[in-house]
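Summary of the model geometry
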Amino acid sequence: AKLLGRNTYSLFTKAMNDTMLRRFEIEEQLSMALERNEFEVYYQPKIDVKNRSIIGAEALLRWRNPLLGNVTPDEFIPIAEHTGLIVPIGKYVVKQALSFLNEWKKIHRKNYTMAVNLSPRQFRDKALMSFVEQSLNDENIKAGSLEFEITEGILMDGSSYIDDALNEIHKLGIKLSMDDFGTGYSSLNYLRQYSFDILKIDRSFIKGITLNKADFDLVKATIAMAHSLDLLVVAEGVETHEQFTLLDTLGCDLIQGYYFSKPLPAKKLLDFQVAQSD
Ligand code: C2E
Ligand code: CA
Ligand code: CA
Ligand code: CA
């Protein structure tokens, strides 16, 4: 028993060391990733449920590092957030996304929208909004074509610069989207408190809509509630035709998910077409 105990302990220590080592390596590599050009912004199309046309896209960051390989955003974004590196990285995403949007609109002559994810640390950067304004000007993009997707984690901060930044966003005419709706504790309270334009129903609910009544009822009620607040509703993580059809029936406005397309590199999105047949 004593031996087992010691083994368990050392296994635990090893696991902890591995985690810390991995984190340390990511932190170190991440600090050089921008200048080494290791990031690429991918774009996942958003599709209008009614006419099955592309109305815009969400920018999703990809990182490929020579030492670590592909690191997922779920792993590196929290570390970038913690170290503050998300500030310059986030500016890079805004810049890339708007420059791509400019090109995309020119080629297709359509009024696409572009959604960019923002995390709490980026909101505390006082220079963010002037940077965004400048980038919109540089790329000749109207503020109304840009959306910021935020989760309630940003709003929980409760500090005054969050309010200032949100007011600034609203004043400029940039759209505000509540991401991962339904996963937090106070989403409803925040919907009431701030002026959102778009609500994104979290993938975990979409997953269940064709399988269990509880998820179906929740999604149905969420769509009705959002519409009564004049919000546009996006379902994320739509993977099957059954989910798509059901969301259509429930009056969901926009769909994002593997059913239509995974996030794509810029070049691929330029060629992307929604299959018109069922
Ligand atoms: P998110 O904003 O909730 O983005 C949706 C995630 O779901 C993306 O993962 C997307 O690739 C994935 N997804 C889309 N459709 C489907 C589907 O049908 N099935 C499944 N299983 N997954 C789907 P990704 O790209 O790995 O990003 C993960 C998270 O990392 C994002 O979650 C977002 O919170 C964060 N993130 C990504 N890029 C950025 C960025 O540029 N800035 C910030 N601050 N956060 C970012
Ligand atoms: Ca998002
Ligand atoms: Ca989401
Ligand atoms: Ca998420």
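Here the structure is shown first, and the text comes after it.
A brief look at the structure comes next.

Rules and cut-offs
Residue numbers run consecutively from 1 along every chain, following the written order of its sequence. Labels are handed out in written order, letters beginning with A for the chains and numbers beginning with 1 for the ligands. Per-residue local features of the predicted model are confined to residues with pLDDT of at least 70, and side-chain atom pairs are confined, for both listing and counting, to 80 or more; whole-chain, interface and lining totals are unaffected and use all residues. The side-chain values count all of the structure's non-hydrogen atoms but skip hydrogen atoms and water molecules. Pairing of aromatic side chains requires ring centres within 6.5 Å, counting the rings of Phe and Tyr and the six-membered ring of Trp. Pairs whose planes differ by under 30 degrees are stacked, by over 60 edge-to-face, and all others tilted. We call a charge positioned over a ring when the NZ of a Lys or the CZ of an Arg lies within 6 Å of the ring centre and within 35 degrees of the ring normal. Angles here are taken between N-to-C directions and fall from 0 to 180 degrees, while the axes themselves are lines fitted to C-alpha atoms, restricted in helices to the stretch in contact. Comment: elements are numbered from the N terminus, with helices defined as DSSP H or I runs of at least four residues and strands as E runs of at least two. Working rule for angles: under 35 degrees goes down as roughly parallel, over 145 as roughly antiparallel, 65 to 115 as roughly perpendicular, anything else as oblique. Should the near helix be turned counterclockwise from the far one by less than a right angle, the crossing is left-handed, whereas a clockwise turn marks it as right-handed. Here, residues are in contact when the closest pair of their heavy atoms is within 4.5 Å. Gly is put with the polar residues, along with every residue not named as nonpolar or charged; the nonpolar set is Ala, Val, Leu, Ile, Met, Phe, Trp, Tyr, Cys and Pro, and the charged set is Asp, Glu, Lys and Arg.

Bringing the packing of aromatic side chains into the picture now. In the structure shown here, the tally under the stated rule is eleven aromatic pairs. Three or more aromatic residues link up through ring pairs in this structure, and these residues are Phe39, Trp63, Phe76 and Tyr92. A cation sits over an aromatic face here: Arg62 above Tyr42, 5.6 Å from the ring centre. Across from the ring centre of Phe131, 5.5 Å away, lies the NZ or CZ of Lys91, which sits over that ring.

A word on the packing of helix α3 (residues 86–108) against helix α5 (residues 128–138). Running from N to C, α3 and α5 cross one another at 20°; their axes reach a closest spacing of 10 Å. When the axis of α3 is compared with that of α5, the two are roughly parallel. Considering how the two elements wind past one another, α3 and α5 form a crossing that is right-handed. The residues of α5 that touch α3, namely those facing Lys91, Val94, Lys95 and Leu98, are Phe131, Val132, Ser135, Leu136 and Asp138. A class-by-class count of the residues in the contact of α3 with α5 yields five nonpolar, one polar and three charged.

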